[in-house]
Amino acid sequence: MAEREPVIRVSHVSKQYYIGQYTGRHFFRELKKERDHENEIYALDDISFEVYQGETFGIIGRNGAGKSTLLKILCEITAPTAGEIDIYGRIASILEVGTGFSTEMTGRENVYLNGTILGMTKQEIDRKMDQIVEFSEIGEFIDTPVKRYSSGMYTRLAFSVAAHLDNEIMIMDEVMAVGDVGFREKCLQQMKNKADAGRTILYVGHNMNYVRRLCDRCMVLDEGKLLFLGETEDAVQFYLDKIESRAKEEEQREKKRKAPKAAFLGVRRDVRDKERSRLLTDHRIHLDEMWYVDRDSIVFSPGEPAVMTLNWAVLEDYEDLCLRLEVWTAEDEHQADYVLCGIGDGKKGERKSLTLKADIGCFAPGTYKFKHTFFFRNGPDSVINTERVIGLSFTVQQPEGEGEYWDFRKMSHVRLDGIEILGRQD
């Protein structure tokens, strides 16, 4: 492109916006030149490129990449926050097909109205009226009010006006989405003719087929940054690879989000430093640790009970402590529970322990985890939770033969039976 003169030169252009509600407080902060960086976003971030005379230049990127912001800056609809832009020639922009059309006016009247908005003189429109009408393919309806047009007739007439502009530089945003397939092909050929006649075209589109057929070079924008600038086929491939890469990353994030939370797989667990639920407002005890008694594995044979000891510190005096013991799957599906009351009283500074035996032989083969919630009764219908932690895990082996067990996939959760207190320490 070195032999051609640039007609658009963009140098280190950035566009910054504030996000959130605009208030008087923000207005005065602007006057003081203060900045709240948490509410700032860059729609464009240090963009530089050149477009040459007679070139069809594509701008591609996903929604929110900054494409429309860039076009608005080039058309002087909005100003850049930083950087410089040099443009050599008159610009005609089609940022939205049909802008300025009045539904109460006829098609002919709207041609004059829309043409004037796009920069054409009345004499120029008079001279090109027949060509515009013929190109739009709505000849017999040209003097009918636009409100009686179909959406296809409306967009064909609007594009036809724009397609007959004679400005040196044409900026088009998604204009190839108009009309049916046949009309789009005619629009594509019209734009090629413009380029062959020496017009410079900036084209934004999401249809990579049209981008390939129309553009000489392309740039790829993403989150306001210029990621690629080069030949069209290379740019399109870069863009498609980026989409595929992002889709794979999103798939991995979704898999990670849905993956079961790692269960603690040891026979002894220290929970002194574990973060407690913020919903707890009562803090009379603090569970320290728990362990399986006389075991070196969390794998249980069918019918084998789990014997565990819970150890806690008394932070404030209490009376009549209760425990709710729950069983959950590794995927956080509630399976069973049991409430144990009458555990006893406690004085501040004491240490307590409780050894329990739980019958877990009713569960289907798989890995589960206990949750322990200590609470106090607060009348007949409510309780006050004072401690809640995830406890030890256990794995139930597949029994030999058919075996009989409760399958949570087929039934709702049940009351956990077979809980027995084997010992306490005060």
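Residues numbered from 1 in each chain as written. Predicted model: local features only at pLDDT ≥ 70, side-chain atom pairs only at ≥ 80, totals over all residues. Heavy atoms only, no water.

1. Focus on the pattern of salt bridges
Then comes step 1: This structure, assessed with the given rule, holds 24 salt bridges.
Then comes step 2: Ionic pairing is found between aspartate 222 and arginine 62, a salt bridge with its closest N-O pair at 3.0 Å. Taken together, the positions of aspartate 222 in strand β8 (residues 217–222) and arginine 62 in the loop between β3 (56–60) and α2 (67–74) put the pair 160 residues apart, joining distant regions of the chain.
Then comes step 3: A residue is classified by how much of its surface remains accessible, and aspartate 222, at 9% relative accessible area, is buried.
Then comes step 4: Since its relative accessible area comes to 30%, arginine 62 is described here as partly exposed.
Then comes step 5: In this structure, arginine 212 and glutamate 233 form a salt bridge, with 3.0 Å as the shortest nitrogen-oxygen distance. (Salt bridge = Lys/Arg side-chain N within 4 Å of Asp/Glu carboxyl O. Helix = DSSP H or I, 4+ residues; strand = E, 2+ residues; numbered from the N terminus. Buried < 20%, exposed > 50% of the residue type's maximum accessible area, 1.4 Å probe, protein only.)

2. Focus: the nonpolar core
In a soluble, globular protein the nonpolar side chains are often hidden away together inside.
Then comes step 1: Among the nonpolar cores identified, the biggest contains 43 residues, and Ile60, Val111, Leu157, Phe159, Met191, Tyr203 and Val211 are the most heavily contacted of them.
Then comes step 2: If you tally residues by element for this core, the top one is helix α5 (residues 151–163), at seven residues.
Then comes step 3: Apart from residues lying up to four places away in sequence, leucine 157 is in contact with Phe101, Gly107, Val111, Ile132, Ser136, Ile138, Ile142 and Tyr149.
Then comes step 4: Formed by 36 residues, the second largest nonpolar core is a distinct cluster that contains Tyr292, Ala306, Leu354 and Phe370. (Core = buried A, V, L, I, M, F, W, Y, C linked by side-chain atoms within 4.5 Å. Contact = heavy atoms within 4.5 Å.)

3. Focus: the environment of glycine 64
Then comes step 1: When you line up the elements, glycine 64 lands in the loop between β3 and α2.
Then comes step 2: Given the relative accessible area of 72%, glycine 64 is considered exposed.
Then comes step 3: When the C-alpha atoms of glycine 64 and glycine 224 are compared, they prove to be 8.0 Å apart, with 160 residues separating the residues in sequence.

4. Observations regarding the environment of isoleucine 419
Then comes step 1: Position of isoleucine 419 relative to the elements: it lies in the loop between β19 (414–415) and β20 (420–425).
Then comes step 2: Note on isoleucine 419: relative accessible area 13%, which makes it buried.
Then comes step 3: Between the alpha carbons of isoleucine 419 and valine 339 there is a distance of 9.2 Å; along the sequence they are 80 residues apart.
Then comes step 4: With residues near it in sequence (within four places) discarded, isoleucine 419 still touches Leu325, Tyr338, Leu340, Lys357 and Ala358.

5. Considering the sheet that holds strand β2 (residues 40–52)
Then comes step 1: Taken in spatial order, the three strands make up an open sheet running β2-β1-β4, and their pairing is antiparallel. Lying at the two open borders of the sheet, with one neighbouring strand each, are β2 and β4 (82–87). On average, adjacent strands in this sheet sit at an angle of 15° to one another, irrespective of strand direction.
Then comes step 2: Most of the contacts of α2 go to strand β1 (residues 6–18), to which it runs at about 120°, and overall it touches β1, β2 and β4. (Pairing = 2+ DSSP bridges. Axes fitted to C-alpha atoms, helices over the stretch in contact; angles between N-to-C directions.)

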